[in-house]
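In case you want the letters, here they are:
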Amino acid sequence: LMEELFDDMNTISGHINKIERIRRQLLDLKEIIKIKKDKKDIITAIDSIHQDFVIIESKMTQLMVTGTGQDNIRFPSMLLERIDYLASVVAVSDFPPTDEHLEVYKILKDRLVTYGAELDTLINGKFKDFMKILNEKNIGAIVVE
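A. Layout of the overall build of the chain. Within the chain, the secondary structure is distributed over five helices and zero strands. Each helix (α) and strand (β) of the chain, taken in turn from the N terminus, gives the series α-α-α-α-α. Compactness check: the chain gives a C-alpha radius of gyration of 19 Å against a globular reference of 15 Å for 145 residues, more than 25% above the reference. By principal-axis analysis of the C-alpha atoms, the chain measures approximately 65 × 35 × 20 Å.

B. Examining the packing of helix α1 (residues 2-33) against helix α2 (residues 40-60) more closely. Axis separation between α1 and α2 bottoms out at 10 Å; the angle between their running directions is 160 degrees. On the basis of their axis angle, the class for α1 and α2 is roughly antiparallel. Regarding α1 and α2, the two cross each other, and that crossing is left-handed. Residue-level inspection shows I12, H15, I16, I19, E20, I22, R23, L26, L27, L29, K30 and I33 of α1 in contact with α2, the latter providing I42, I43, I46, D47, I49, H50, F53, V54, I56, E57 and M60. For the contact of α1 with α2, the per-class residue count stands at 16 nonpolar, two polar and five charged.

Conventions used here
Residues numbered from 1 in each chain as written. Predicted model: local features only at pLDDT ≥ 70, side-chain atom pairs only at ≥ 80, totals over all residues. Heavy atoms only, no water. Helix = DSSP H or I, 4+ residues; strand = E, 2+ residues; numbered from the N terminus. Rg over C-alpha atoms; globule rule 2.2 N^0.38 Å. Axes fitted to C-alpha atoms, helices over the stretch in contact; angles between N-to-C directions. Parallel < 35°, antiparallel > 145°, perpendicular 65-115°, else oblique. Left-handed = near helix turned anticlockwise from the far one by under 90°. Contact = heavy atoms within 4.5 Å. Nonpolar A, V, L, I, M, F, W, Y, C, P; charged D, E, K, R; others polar.

Structure below.
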């Protein structure tokens, strides 16, 4: 179970890293495009697609963390934090994982699969269409991988 939990944490981290790379490029592109007045439609599209990535990322990890001592009280744990907690509980036991641990793991694994599918759908759907618009307007591309 520990190996599966670590693999899942790595998968989530990979998803989050991909989202963060795309979001940074979108924000940078928005700043560059702001200079041109005739590109308001692109700025609107950037804002929309950026928000879609934020929504998916916020399901995977808590984006409101400030680094202060009360973050755990103020903001709910999201998928990455929950898997990390489950791993820390399973790791300290001298006994095999309980049925409850396995049941919680199944729930979290299902969420991981769902969120990964949402990310793939966004990248291969709306984001791909957005990239075509950028190409048509000779604006350049956003690197996904």
